[in-house]
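The residues making up each chain are set out below.
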Amino acid sequence: MTGTLYTADHRMFRLPPLLSWRVTHTGTVPCDSFSATFVYQKEMAEVLPLAAGFAAEAEGETVLRAIVDEYTVDLDANGLTATISGRGYAARLLDNESRPVTYQQATLAEILANHVQPYGITCRDVAAVRAESVYTVAAGTSQWRAVEGFCRAYGGFVPRFSREGELLAGPEPEGRTLSIGEGGPVLACTLREDHYGVLTEALVIDKTRNQDFSVKNQEMIRKGGQCRRVVYTPGQSTWAAMRYTGEYQIQRSQEDAWTAEVTLPGSFLAFPGDRAALSLERMGLSGTFRVAEAENRFDHRNGASVTLTLKPLA
């Protein structure tokens, strides 16, 4: 992998060969992130304090565009080195708050124009989504939450960032499928199931009309769970809206309940949205899963490896 720095005064600086690096793709929040270490050169004394952007390439393709949050310069037994680190473009939306605003039947294009594009982010694959009612962005809400909340509520999807830093504001298409079997070069595999915080019931209450609607998670109840949340909605909520709110709360609570992490040799083998077809019978793991996160690492001692975080298909 090679790296290029972009400075706040619009200069470009190609980094020397990287001694070690880490690139993590999530496509959403938490942000994509990176770190890269290289031999320090004296001309970097002027460049590093102004470093604002970073682009990584592998085999002629861009694998990440990000902002630079931090740099360090180290002198030790390994010589004089510098390390830069930062986050993907989702950070631009997370780091900026929206002013409070109320929309009347807003479109997704309108939301993007007000909450995304002013931060220099290009939008692509924009879905034709319109709010059926009032959409409110409260004071203190980040620009990311303003957009994500709208997409979840009225489009049923989570917006994502491409490796080139574009916001993909539409449902996620099915990506490539990577096959991982018993005979493959699996370096490590961890299966994790965590029931903490997974709701068994969401009780939605309309305070104005004093009505309630209960949505239960029968699968978690069967596993012996007992965790209820009470959610209050604005007055005059429809039964459909109350049911959606309850189902949404349960869905969000169990997003991280089941994960598998598989480490393989190589780098950039899969990205968020791709599929992994597992056949690891010794662990009881078989089936096709969604790649939720891909962490790629390299150093001269251990070579390149990628850890894929897998989750059940929706």
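Anything mentioned here points back to the structure above.
None of these values were measured; they are calculated from a predicted model.

How each quantity is defined
- Counting from 1, residues in each chain are numbered in the order their sequence is written.
- The predicted origin of the model limits local features to residues at a pLDDT of at least 70 and limits the giving and counting of side-chain atom pairs to 80 or more, whereas totals for whole chains, interfaces and linings rest on all residues.
- Derived side-chain values reflect all non-hydrogen atoms in the structure, with water molecules and hydrogen atoms excluded from consideration.
- For cavity detection a 1 Å grid was placed over the protein atoms alone, and a set of points counts as a cavity when a 1.4 Å probe fits there but cannot get out; an open set counts as a pocket when protein lies on both sides within 12 Å along at least five of seven lines, with lining residues being those that have an atom within 4 Å of a point.
- Grid points are joined across faces, edges and corners, and a volume is the space filled by probe spheres set on the points.
- Amino acids are sorted into nonpolar (Ala, Val, Leu, Ile, Met, Phe, Trp, Tyr, Cys and Pro), charged (Asp, Glu, Lys and Arg) and polar (every other residue, Gly among them).
- Basic side-chain nitrogens of Lys or Arg form a salt bridge, by our definition, when they fall within 4 Å of a carboxyl oxygen of Asp or Glu.
- Helix and strand assignments come from DSSP, with helices taken as H or I runs of at least 4 residues and strands as E runs of at least 2, each series counted from the N terminus.
- Think of it in three bands: residues with accessible area under 20% of the maximum for their type are buried, residues over 50% are exposed, and the middle band is partly exposed, with areas taken using a 1.4 Å probe on protein chains only.
- Joining through side-chain atoms within 4.5 Å is the link that ties buried Ala, Val, Leu, Ile, Met, Phe, Trp, Tyr and Cys residues into a set, and such a set is a nonpolar core.
- Here a residue-residue contact requires only that any non-hydrogen atoms of the pair lie within 4.5 Å.
- Side-chain atoms alone can form a polar contact between residues adjacent in sequence; in general such a contact is a pair of N or O atoms within 3.5 Å, and within protein one must be able to donate a hydrogen while the other accepts it.
- Only a pair of cysteine sulfur atoms within 2.5 Å qualifies as a disulfide here.
- Note on pairing: DSSP must find at least two bridges between two strands before they are called paired.
- Where helices are involved, their axes are fitted lines through C-alpha atoms of the stretch in contact, as for all axes, and angles between N-to-C directions lie from 0 to 180°.

(A) Expanded view of empty space enclosed by the protein. Tallied over the full model, the rule gives one cavity of 30 Å³ or more. Here the largest cavity is characterised by a volume of approximately 50 Å³. A class-by-class count of the residues in the lining of the largest cavity yields four nonpolar, five polar and two charged.

(B) Spotlight on the pattern of salt bridges. Per the counting criterion, the structure on display carries 18 salt bridges. A salt bridge links E148 to R152; the shortest N-O distance between them is 3.3 Å. With a gap of four residues between them, E148 and R152 both fall in helix α4 (residues 143-155), about one helical turn apart. Judged by its relative accessible area of 7%, E148 is buried. Assessed through its relative accessible area of 11%, R152 is described here as buried. A salt bridge links R252 to E255, with the nearest nitrogen and oxygen atoms 3.4 Å apart. Accessibility expressed as a relative area gives 31% for R252, which makes it partly exposed. Each of R145, E148, R152, R252 and E255 takes part in salt bridges that share partners, so that together they form one network.

(C) Structural context of unusual backbone geometry. Following V29, the chain continues into P30 via a peptide bond in cis, with omega recorded as 5 degrees. In this structure, P30 sits in the loop between β3 (18-25) and β4 (33-39). A positive phi angle, close to 70 degrees, is found at H10, a residue other than glycine. With respect to the secondary-structure elements, H10 resides in the loop between β1 (2-7) and β2 (12-14). Residues other than glycine seldom take positive phi values, yet Q105 does so here, at roughly 50 degrees. Position of Q105 relative to the elements: it lies in the loop between β8 (101-104) and α3 (108-115). Judged by relative accessible area, Q105 falls into the partly exposed class, the value being 47%.

(D) Structural view of the nonpolar core. Ranked by size, the top nonpolar core spans 28 residues in total, and within it L108, L112, V116, F150, F161 and L167 carry the most contacts. Counting only elements with at least two residues in this core, the list comes to α2 (90-94), α3, β10 (134-137) and α4. Take this core: its biggest share by element is five residues, from α4. The contacts of V116, once residues within four sequence positions are left out, are L93, I111, I121, C123, V147 and L167.

(E) Fine view of the side chain of T7. On the secondary structure map, T7 appears in strand β1. T7 sits in the buried class, given a relative accessible area of 7%. Of the polar contacts made by the side chain of T7, one reaches the backbone nitrogen of R11; its length is 2.9 Å. If we ignore the near neighbours within four places in the chain, the residues touching T7 are V47, L50, A51 and A52.

(F) Broad picture of the state of the cysteines. Applying the stated criterion to the full structure yields zero disulfides. In this structure C123 is not part of a disulfide, and its nearest cysteine sulfur, from C151, lies 9.6 Å away.

(G) Region of interest: the sheet that holds strand β15 (residues 201-206). In space, the three strands of this open sheet follow the order β16-β15-β17, with mixed pairing throughout. Either end of the sheet is taken by a strand with one partner, and the two such strands are β16 (211-216) and β17 (228-233). If you compare each strand with its neighbour and ignore which way they point, the axes differ by 20 degrees on average. Here six bridges tie β15 to β17, and the two strands are oriented parallel to one another. By the bridge assignment, I205 is partnered in β17 with Y232.

(H) Quick look at the sheet that holds strand β9 (residues 123-124). Read across the sheet, three strands follow the order β9-β12-β11 without closing on themselves; strand pairing throughout is mixed. Taken across any chain shown, the strands that pair with only one partner, and hence form the sheet edges, are β9 and β11 (160-161). Sheet topology note: the β9/strand β12 (residues 167-168) ladder contains two bridges and is parallel. From the neighbouring strand, C123 faces β12, where its bridge partner is L167.

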